[in-house]
Amino acid sequence: MTFPVLTRRALAGLALAGALAAALPAGAETSGDSVTIGVSGPLTGPQAQYGELWKQGFDLALKKINADGGIDGQPLQYVFEDSQNDPRQSIAIAQKFISDPSIVVEVGDFSSTASMAASPLYQRGGLVQFGFTNSHPDFTKTGDYMWSSSISQSQEQQVMADYAVNRLGLKKIAVLHLNTDWGTTAKNIFIEEAKQRGAEVVATEGYLPDEKDFRATLTRIKAANPDGILLESYYSDGALVVRQIRELGIDLPIVAVGSVYSPDFLKIAGDAANGVHTVAYFTPVSPRPEVQTFIKDFTTAYSKEPNNFNAMAYDTMNILAAVMRQYGTTREDIKSGLGQISGISSVLFPKVSFDPEIRRVMGLEPTDLIVENGQFQLYQ
Amino acid sequence: MDAILALPWFDFTVSGLVLGSIYALMAVGLALIFGVANLINFAHGAVFTVGAYIGWTCAVALGLPLWASVLLVALGGAAVGALIEVIAIRPLNRQSRIAPLLATIGVGLILDQTVHMIFGANPRPLPVAMPAWRLTIGSGSVGPIDITIFVTGVIAAAVLYGFLFHTKLGMAVRATAQDDDAAKQMGVNIHAVNMAVFAIASALGAIAGLLVGIYYNAIDPNTSFQIMLKGMVAIVIGGMANVPGAIGGGLILGLIESYGIALFGASYRNLFAFSVLLVMLLVKPNGIFARGRERQAEPMTGTFVTQSKPIRLPGWLLVLAVIVAALVPFAGKPYVTQVMTNALLYALAGISLTLIAGTVGLISIGHAALLAIGAYASALLTIAGLPVAIGLVVAAAVTALVGTALAYPAFRLRGHYVAIGTLAIGEIVALVILNWTSVTNGSLGVYGIPPLEIFGIDFFSTTPAYWLVLGLVVVFALLQTRLLSSHLGRTWRAIREDTVAAETYGVSSNYYKGLAFGFAGFTAGLAGAITAHQFSYINFDTFNLLTSVLLLTIVILGGLGNVAGAILAAILVAGLPEVFRALAEYRMLFYGVALLLLIRFRPQGLLGSG
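Calculation notes
- In this numbering scheme, every chain counts its residues from 1 along its sequence in written order.
- By the order in which they are written, chains take letters starting at A while ligands take numbers starting at 1.
- The predicted origin of the model limits local features to residues at a pLDDT of at least 70 and limits the giving and counting of side-chain atom pairs to 80 or more, whereas totals for whole chains, interfaces and linings rest on all residues.
- To obtain the side-chain values, all non-hydrogen atoms of the structure were included, while hydrogens and water were left out.
- Whether two strands pair comes down to DSSP finding at least two bridges between them.
- Labels follow the DSSP assignment, with helices taken as runs of H or I lasting at least four residues and strands as runs of E lasting at least two, numbered in each case from the N terminus.
- A fitted line through C-alpha atoms represents every axis, and for helices the fit uses only the stretch in contact; the resulting angles, taken between N-to-C directions, go from 0 to 180 degrees.
- A contact between two residues is defined here by any heavy atoms of the two lying within 4.5 Å.
- When accessible area is computed with a 1.4 Å probe and restricted to protein chains, residues below 20% of their type maximum are described as buried, those above 50% as exposed, and intermediate ones as partly exposed.
- His is not counted, nor are the chain ends, whereas Lys and Arg count as positive and Asp and Glu as negative.
- Each salt bridge in this description consists of a side-chain nitrogen of Lys or Arg and a carboxyl oxygen of Asp or Glu lying within 4 Å of one another.
- Pairing of N or O atoms within 3.5 Å defines a polar contact, subject to two protein rules: one partner must be a possible hydrogen donor and the other a possible acceptor, and residues neighboring in sequence count only if both atoms are side-chain atoms.
- When the centres of two rings from Phe, Tyr and Trp lie within 6.5 Å, Trp using its six-membered ring, the rings pair. Their planes under 30 degrees apart give stacked, over 60 give edge-to-face, and anything left gives tilted.
- Our definition puts a charge over a ring when NZ of Lys or CZ of Arg is within 6 Å of the ring centre and also within 35 degrees of the ring normal.
- For classification purposes, an angle smaller than 35 degrees is called roughly parallel, one larger than 145 roughly antiparallel, one from 65 to 115 roughly perpendicular, and anything else oblique.
- Three residue categories are used. Nonpolar comprises Ala, Val, Leu, Ile, Met, Phe, Trp, Tyr, Cys and Pro, charged comprises Asp, Glu, Lys and Arg, and polar comprises the others, including Gly.

Colleague: How should the sheet that holds strand E15 (residues 375-378) of chain A be read in this particular structure?
Modeller: Pairing between the strands of a sheet is mediated by backbone hydrogen bonds and can be parallel or antiparallel. Residue and element names in this part refer to chain A. With mixed pairing, the seven strands of this open sheet are ordered in space as E7-E6-E8-E9-E10-E14-E15. Strands with a single pairing partner mark the edges of an open sheet, and in this sheet they are strand E7 (200-207) and E15. Strand after strand, the sheet turns through a mean of 30° between neighbouring axes, direction not considered. By the bridge criterion, five bridges tie strand E6 (residues 172-178) to strand E8 (residues 228-232) in an arrangement that is parallel. From the neighbouring strand, histidine 177 faces E8, where its bridge partner is glutamate 232. Running over the sheet, helix H5 (residues 153-167) touches E6, E8, strand E9 (254-256), strand E10 (277-280) and strand E14 (367-372) and is turned about 145° from E10. Strand contacts of helix H8 (residues 235-247): E6, E7, E8 and E9, with the helix running at about 160° to E8, the strand carrying the most contacts.

See the structure below:
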């Protein structure tokens, strides 16, 4: 029997191989040449944890896809090249993927810098670059081979402004944001959206991803006298901020962008997380069967709860597999297929389709959440 | 003015002191090691991380009580420290003076990567039950852990001070620091002393890791470098080897950051830290607690370059190498061509750094700043409408001018201080790019940089881009080799060997250092600019500290000052990891081990320093 997940990083795959060999029903065997997706992302370096999260999502999705017969009988697999999230390496990887005829579509890289450096090459080489963490507004602008299933910032910030201003009634908001392309774009759009809803942003503070101490920053925010704090943060830094907000005795409502939605956010922030508002596009409290199946399978495979990055990686494999099954497995098939596909259901999006103009995903359905007793709960 | 006065200064002071006591705890260990080994221990940050993870293993995984965890963390840290001394410091006793510093960078990489492989990259919580009371101060509060951190730092400094100045072993430590040969003759076992100092300092660093982990309830394998940099700034403020001064330095740094945030906002925090570092180095290199005005002998004066005879490659071999290199694209593997283009861009930057670090003897850990200036200059000019070819040249010229001007204050520094000063300048450039939003687009970066073309000829495609870079490497290598064999090269080397002697012979060292920086800046600026056009998108982090460290590794591997060596080393360093891609996860480990072995067994580099 052919083992479907033959990544070059066989060491890590081996453990899973045992599990798969046992789990695969004999009837769903795949055969023939495999269909290969090239993944460019960080496995080492400061962003390595995201590469790890991706692989968990990818492997889980592939296990299922290949158990269901792969792509018309051909097993689907991926090759993960470590870019360390470094543009020098992502462009070299791009050359490698483009010149390797067995690669039919590329996924990644993680950050805008590493991804967008490689975009002109993928565009010229005619290989779809599918970025699922690339919310940078310019990511898909390089050309018609750049596609993204990352929620666009303008959609996401409208959701945040609705929550903070319309639902919670905040009027004077302080914004704390990661001083990266992602965080800065988010902050800028949020300020606009909040203004349109009649609220004012009274303070904005940017911090670098490796900062750990926010006491002075928060003292400054407190001095601006806001009636609520909005966080444009990832989960690990977001958790530190929330803890320190409460330690400083600041008792204001906190609304955090959906990327804090992670079990690790709750663990690191501890009791301080209680009362934090956030939204999720992927949440276990969602009753949809796709979501429930994913969580069950993920927890069985890795004995821990999945987070947003796991879910996005999982969706990516499934979306690409659906495109390939419907429209074919050549590079051009996938490019045109992404423009046509509609209505498939994924963990994050009830109905996935892409806007062919901006080549970004449509069909966002946010769920408003609040942390209570150390758990994310539906906000009623 | 009223608005400024109305700020909650008391709260900012408390914030600054809480943060400062973390820096102080780091700084005490660094100062102790500096006092004995005349060395900034770049592995100290990694020891901090190791301590945090040993603490997690004890307190969370094994569920041991806090006192037992602290004890085991201290023992573990001490063991790591002793190991660092035995592996990375002791064997380098008689080597060039930069060797131990670079060895600690190597050890740091290895430790970080080991932690990373065992525990994974995700930050994890470190929940340790602490008493629940909190002391309300001003409008905020401090908890028991904040106070523990502060008290630990002060007690450690006091105990160490007592040990150093009031015990016999302490006297031995100080004697070793002053003159290890003399100490040896007096019967001091200097190896044992050094090892004890590394063990004590590292135990303290490891405890700091545990306490800070508890404080934030989070530990993360990627904090090492940042925390170590802050500790370094703190000891520069407090006086490099001044153990009680380190506490003061840490607290002052915390206050400066806090007040800086109060006045200008959070994104300026590190800009303040590094500017203070630079100002201190220039104005009060002995630290603000130094008595009197006399300038103590700066540590590690003299040359860093290991004396050796550079290997002269025969001309026919070089010509053959260039021909073989030019034929690379015909192998029909665009991936290989791209990797080689990257390698040659490193080579171009390496040629530039080897002039500064090798020939002139100013070890720079901020060379990426020159690349960044060139990249931004060319990107912004060409987006504004300048043709790419002209943009490249103007950007290189701008880099030469700005780079020289920035480095000018550092010309009077020597030895270790140059390394720290250039590191600070490098960080400052990145932070200015980040904060000067109106020009540089801040954290969003610059997008849509025009592709490489020179007067209508496409140089963007893989093969032409490769040839262009290869051509530039050949031209600049020849140019630099020519300069080095002229009177200019002799003058530069004379300044490196003995600045005072050179000045006595009428050589204006600043003028010649300026010339070197100008030439090196032009080359590096060009390398940065080409990279920008190749990437089409750059941001403040594209050329970061890691780039600087990698460039320095390349230059040392090739042999300091050796042009052909820099090119060869760039190809090895940028190329080899690609060959071993399958071992991707161990790549940083590979760099660390390679750096360590190289310094230990072939400090003059592959082709010899010259």
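Colleague: Would you take a moment to explain the side chain of B:Asp146 for this structure?
Modeller: Of note, B:Asp146 is situated in helix H6 (residues 144-166). Beyond its immediate stretch of four places on either side in the chain, B:Asp146 contacts A:Arg215, B:Val18, B:Arg134 and B:Tyr215.

Colleague: What's the story with the pairing of E15(A) in this structure? I'm lost.
Modeller: Residues in a regular strand project their side chains so that they alternate between the two faces of the sheet. All names here are of chain A. Of the strand pairs in this sheet, E14 and E15 are connected by four bridges, and their pairing is antiparallel. Paired with glutamate 372 across the strands is glutamine 375, a residue of E15. What sits between the antiparallel neighbours E14 and E15 is a turn of two residues, in which asparagine 373 has the positive phi angle 50°.

Colleague: How should I be thinking about the environment of B:Pro8 in this particular structure?
Modeller: Checked against the element boundaries, B:Pro8 lands in the loop between helix H1 (2-5) and helix H2 (9-37). Residues B:Pro8 and B:Thr504, 496 residues apart in the sequence, show an inter-C-alpha distance of 55 Å.

Colleague: Help me out: how do you make sense of the side chain of A:Arg360 in this one?
Modeller: All names here are of chain A. Within the element layout of this structure, arginine 360 appears in strand E13 (residues 360-362). Buried charge arginine 360 goes without a salt bridge, the closest partner of opposite sign being aspartate 138 at 8.1 Å. Among the polar contacts made by the side chain of arginine 360, one reaches the side chain of serine 148 at a distance of 3.3 Å. Excluding residues within four positions of it along the chain, arginine 360 makes contact with Asn134, Ser135, His136, Pro137, Phe139, Thr140, Ser148, Ser150, Ser152, Ser353, Phe354 and Asp355.

Colleague: Sorry, what's going on with the packing of aromatic side chains here?
Modeller: In this description, an aromatic ring pair is defined by two values, namely the gap between the centres and the angle between the planes. The full count for this structure, using the stated rule, is 39 aromatic pairs over all chains. For the ring pair A:Tyr261 and A:Phe376, a centre distance of 4.6 Å and an interplane angle of 45° mean the geometry is tilted. Pair noted here: A:Tyr261 is in the loop between E9 and helix H9 (263-269) and A:Phe376 is in strand E15, with a separation of 115 residues, a long-range link. Taken individually, A:Tyr261 and A:Phe376 each receive the classification buried, so the pair is uniform in this respect. With centroids separated by 5.5 Å and ring planes inclined at 35°, the aromatic side chains of B:Phe264 and B:Phe272 adopt a geometry described as tilted. Here B:Phe264 falls in the partly exposed class, since its relative accessible area comes to 48%. In this structure, A:Lys335 packs its charged tip against the face of A:Tyr145, placed 4.7 Å from the ring centre. Lying across the ring of B:Trp56, B:Arg124 places its NZ or CZ 4.3 Å from the centre.

Colleague: Looking at this model, I keep getting lost on the packing of helix H11 (residues 308-327) of chain A against helix H12 (residues 331-340) of chain A. Mind explaining?
Modeller: The description of two helices packed together rests on the angle between their axes and the distance between the axes. Residue and element names in this part refer to chain A. Remark: H11 packs on H12, axes separated minimally by 9 Å, with the N-to-C direction vectors making an angle of 105°. If you check the angle between H11 and H12, you find them roughly perpendicular. Mapping the contact onto sequence places Val323, Met324 and Tyr327 in H11 and Asp333, Ile334, Gly337, Leu338 and Gln340 in H12. Considered class by class, the residues forming the contact of H11 with H12 number five nonpolar, two polar and one charged.

Colleague: Even after reading the chapter, I still don't get the environment of A:Glu247, so can you show me in this structure?
Modeller: Examined against the element boundaries, A:Glu247 turns out to sit in helix H8. Overall, A:Glu247 belongs to the buried group, its relative accessible area being 13%. When the C-alpha positions of A:Glu247 and A:Arg215 are compared, they lie 8.9 Å apart, and in sequence the two are 32 residues distant. When sequence neighbours within four positions are dropped, the list of residues in contact with A:Glu247 reads A:Arg215, B:Arg134, B:Ser141 and B:Tyr215.

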